[in-house]
Amino acid sequence: MAGAAAPKRQDTRKFFENLSGAGKSIAVLTSGGDAQGMNGAVRAVVRMGIYVGAKVYFIHEGYQGMVDGGDNIKEATWESVSSMLQVGGTVIGSARCKEFRNHEGRLKAAHNLVQRGITNLCVIGGDGSLTGANLFREEWSGLLDELLQQGLIDEEASRRNSELHIVGMVGSIDNDFCGTDMTIGTDSAALACGADWVFIPEMPPEDGWEDSMCQKLSENRADKKRLNIIIVAEGAIDSHNKAITPDYIKELVVRCLGFDTRVTILGHVQRGGTPSAFDRILASRMGVEAVLALLEASTNTPACVVSLVGNQAVRLPLMECVQMTQEVQKAMDEKKFEEAVRLRGRSFENNLSTYRLLSHRKADSELPNSSFNVAVLNVGAPAAGMNAAVRSAVRVGITEGHKMFAVSDGFEGFYKGQIKEIKWGDVGGWTGQGGSLLGTKRTLPGKHLDKIAEQIRIHNINALLVIGGFEGYLGLLELSSARDKYSELCVPMVMVPATVSNNIPGSDLSIGSDTALNAITDTCDRIKQSASGTKRRVFIIETMGGYCGYLATVGGLAAGADTVYIYEEPFDIRDLQANVEHLTQKMKTSIQRGLVLRNENCNENFTTDFVYQLYTEEGRGVFDCRKNILGHMQQGGAPSPFDRNFSTKISAKAMQWITRTLKDSFKGGRVFANSEDTACLLGMRRRALVFQPVSQLRDETDFVHRIPKEQWWLKLRPLMKILAKYKTSYDVSDSGQLEHVTRVRPKESNTSATI
Ligand code: ADP
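The structure presented is a predicted model; accordingly, all values stated were derived computationally and were not measured. (Residues numbered from 1 in each chain as written. Predicted model: local features only at pLDDT ≥ 70, side-chain atom pairs only at ≥ 80, totals over all residues. Heavy atoms only, no water.)

**Quick look at the overall build of the protein chain**
Of the regular secondary structure elements, the protein chain holds 24 helices and 27 strands. Counting the 755 residues in the protein chain, one finds 59% classified as buried. Taking the contacts inside the protein chain whose residues are at least 6 apart along the sequence as the reference set, 80% of them involve residues at least 24 apart. Taken as a whole, the protein chain presents about 30600 Å² of accessible surface, with 49% of it coming from carbon and sulfur. (Helix = DSSP H or I, 4+ residues; strand = E, 2+ residues; numbered from the N terminus. Buried < 20%, exposed > 50% of the residue type's maximum accessible area, 1.4 Å probe, protein only. Contact = heavy atoms within 4.5 Å. Areas by Shrake-Rupley, 256 points an atom, 1.4 Å probe, with all protein chains shown as cover.)

Okay, structure coming up:
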């Protein structure tokens, strides 16, 4: 993300009942190359627009439809976006349009908008589309004058439509639009982690790369690695601007090494298929944000792009984003690649340097020798991404000169002495594997402290990295509070959250929950599709998570649920009754599928069976019901791209913290760390990765229900309800604030880092 200057927040809560769309018309279009999740964005814009009382129009076929007018511009209804969340690509069509690049084309487009009184435009597309949008807005009043002069519109129409508001949403799988952290669709397509070699336009390889690549591949083979993955991004070039193509690489590998080589063009794989849960949620959040931004737009506000930085919604001026993207292109054209990488922002730069570090083993002689020993363990239930986290920690640790030790079976293995050194090659290929290869257990360390202290002494362990769930957090609390009694425990300890439930205090997200969300949404999609014909049917689905309603709520948002029952938002029989009636009314329209999610511990008495029976009885004659309990499949198989990236990044940061903290606490020939800030949890908070002493997180924890006392995603519930056609109160004080794309980036500190 190109660093965004922190805004001043107002602390007054603002509810959007005050923002009305009555009398306004909003049009939504998708343009340029299609991307995953565009439909989710369109759906959210339509429903949010209708919710606030505006008229919403689809513009089919992107700018072409806007230029051609006629049937291409059609009013949207609530039902017209039903069942489109799970569809890949864009259902309203996206075309390239030459005419819109010319003034004449844009004049026609303006005419078509004015005829329908559309003065709010939501453009979902890549940098080209948004550049066009920006130009269109700048020209708007001139276009109106021309239309007036040509007698195509009258004074009154010109006055009523004098202001055009534009909001952009980036829907491009290249993740190339500056200013945004994640563009819609990138998640479904990304997968760089774990590749042996990656070619991207921003990082042309040095001369002689052919030899170094072949040498590395043959070394890997000698290490018994059977599969090598080389990724060639569209537009990859060498340092002389010569294209690097997959076919050239294939020919090279076959010629030099004789390896069996296959080329798979990911283009179609990338764009086809259903969008990931992450893309759907991102798209839904951004769609709602876009409508809010349009409602709040005035003469003085610039056209903006809504986007997400870390977990925080922001608005950035469209013009600044476009300029920045053009600067990157210019730098690339002038072969200033370092500059291009820098301009693309810290997130991109970080990813790149982490990728480089993890995929290129340095010779032993090149490594510093810290003579520190660092132990890594998994604690709790398995979560997808744990292995990628271990791989990253081990390799970063080795690069920093430490000796890395793997502990199997969590704290249980620790006290039993199941500890051995783990090397660079041992974690090869771990990125894509699900579960925990180290072995993970829920056992807490509290009853075995003497044995654990003994093992630390025997193996001379100087620091500890715990990758795990709630037991990992409890374990770290136990270890750190026993430091008075056992001096062996006076070593730096850090935990990164890894659990499908996402219930760890101090972190908005945990490793594995994204994969679980994908498993849930996939299953919901499939269950919904399984219903044959036009029979109306409602599915009652139970999700995991203990008392934490994250998976149910966010899974529900991604799958387009009608209602989601969770422990955190108590409900009674009147709510249940209202929900059934609401659903029954909806199912009397053209809507044929209903989806109700229920978190396993949401209510002791209103069980999944109870809910199922209630809906069955009350829906009689309108729909029938099916129920389904999603079990351990929610832990997912292979980690999702998001979990691979997230675990790789967060665990690399944790290991760098260990190195720093080891240096700081090495005095008089030994490591001694007993202050609070040497037993930390590294979590994602809004837009940064933050190290927080575990002892300070106690106050934020509901230990009985094993959840944080405050959970950010509860704010997504009204959004989910709005998209399911409920009237609700929606606090918009947390919605995106206008920020600037800046070139001065915040410095990383000891306790926090950019994501
Ligand atoms: P993307 O939006 O995915 O980058 P393109 O660059 O092909 O895709 O742009 C999509 C469409 O946006 C183009 O076909 C054109 O109609 C419009 N567009 C792109 N660049 C401009 C521009 N500089 N001026 C006006 N319209 C543009």
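Next, the rest of the story.
**A look at the environment of Val690**
Tracing the backbone shows Val690 in strand β23 (residues 688-693). Its relative accessible area of 22% is what places Val690 among the partly exposed residues. On a C-alpha basis, the gap between Val690 and Ser507 in space is 8.5 Å, while along the polypeptide they are 183 residues apart.

**Side note on the packing of helix α10 (residues 277-296) against helix α24 (residues 716-723)**
The contact between α10 and α24 brings their axes to 11 Å, and the two run at 85 degrees. Our classification of the angle between α10 and α24 gives roughly perpendicular. Here α10 contributes Ser284, Arg285 and Val288 to the contact with α24, which in turn contributes Leu716, Leu719 and Leu723. Within the contact of α10 with α24, the residues separate by chemical class into 4 nonpolar, 1 polar and 1 charged. (Axes fitted to C-alpha atoms, helices over the stretch in contact; angles between N-to-C directions. Parallel < 35°, antiparallel > 145°, perpendicular 65-115°, else oblique. Nonpolar A, V, L, I, M, F, W, Y, C, P; charged D, E, K, R; others polar.)

**Here we look at the sheet that holds strand β26 (residues 737-738)**
Read from one edge to the other, the open sheet built from 8 strands follows the order β3-β2-β1-β4-β5-β8-β9-β26, with strand pairing classed as mixed. The sheet is open, and its two borders are formed by β3 (73-75) and β26, each paired with just one other strand. Pairing geometry for strand β1 (residues 25-30) and strand β4 (residues 120-125), over 5 bridges, is parallel. For Val28, the partnering residue across the bridge sits in β4 and is Cys122. Across the sheet, helix α1 (residues 38-51) touches β1, β2 (55-59), β4 and β5 (165-170), and the angle it forms with β1 is around 175 degrees. (Pairing = 2+ DSSP bridges.)

**A word on the confidence of the model for the protein chain**
Of the residues in the protein chain, 86% have a pLDDT of 70 or more, and the chain-wide mean is 86. Overall, residues 743-747 carries pLDDT values under 50, and its contacts beyond four positions in sequence, including any with other chains, amount to 11 contacts. (pLDDT = per-residue confidence, 0-100.)

**A few points about helix α11 (residues 318-333)**
Here α11 is 16 residues long and its end C-alpha atoms lie 23 Å apart, about the 22 Å a rise of 1.5 Å per residue gives. Within α11, burial applies to Leu318, Cys321, Val322, Met324, Thr325, Val328, Ala331 and Met332. Just downstream of α11, Lys335 is the residue with a positive phi angle, here 60 degrees. (Expected span 1.5 Å × (residues − 1).)

**Observations regarding the side chain of Ser370**
By the secondary structure assignment, Ser370 is in the loop between α13 (346-359) and β10 (373-379). There is a polar contact of 3.0 Å between the side chain of Ser370 and the backbone nitrogen of Phe372. A distance of 2.7 Å separates the side chain of Ser370 from the side chain of His402, its partner in a polar contact. Beyond its immediate stretch of four places on either side in the chain, Ser370 contacts Glu400, Gly401 and His402. (Polar contact = N/O pair within 3.5 Å; in protein donor to acceptor, adjacent residues only side chain to side chain.)

**Points about the pairing of β10**
Most of β10 is tucked away, with 7 of its 7 residues classed as buried. Every second residue of β10 is oriented toward a common face, with Asn373, Ala375, Leu377 and Val379 on one face and Val374, Val376 and Asn378 on the other, all of them buried. Of the strand pairs in this sheet, β10 and strand β11 (residues 403-407) are connected by 4 bridges, and their pairing is parallel. The residue of β11 that forms the bridge with Val374 is Met404. On the question of chirality, the crossover connecting β10 to the parallel β11 by way of helix α14 (residues 386-399) is right-handed. Where β10 meets strand β14 (residues 463-468), 6 bridges bridge the pair, whose relative direction is parallel. Paired with Val379 across the bridge in β14 is Gly468. (Right-handed = clockwise from strand over helix to strand, strands pointing away.)

**A look at helix α16 (residues 449-459)**
Within α16 the residues assigned to the buried category are Leu449, Ile452, Ala453, Gln455 and Ile456. Each buried residue of α16 sits inside an arc of 160 degrees when the element is viewed along its axis, so together they form one side. Away from its buried face, by an angle of more than 90 degrees, α16 presents the exposed residues Arg457 and Ile458. Looking at the buried side of α16, the elements it contacts are α15 (410-415), β12 (419-421) and α17 (470-481). Downstream of α16 by one or two residues, Asn460 has phi in the positive range, about 50 degrees. (Arc of directions from axis to C-beta.)

**Observations concerning unusual backbone geometry**
Even without being glycine, Ser371 reaches a positive phi, approximately 55 degrees. By the secondary structure assignment, Ser371 is in the loop between α13 and β10. Judged by relative accessible area, which is 57%, Ser371 ranks as exposed. You will see that Asn460, though not glycine, has its phi angle at about 50 degrees, which is positive.

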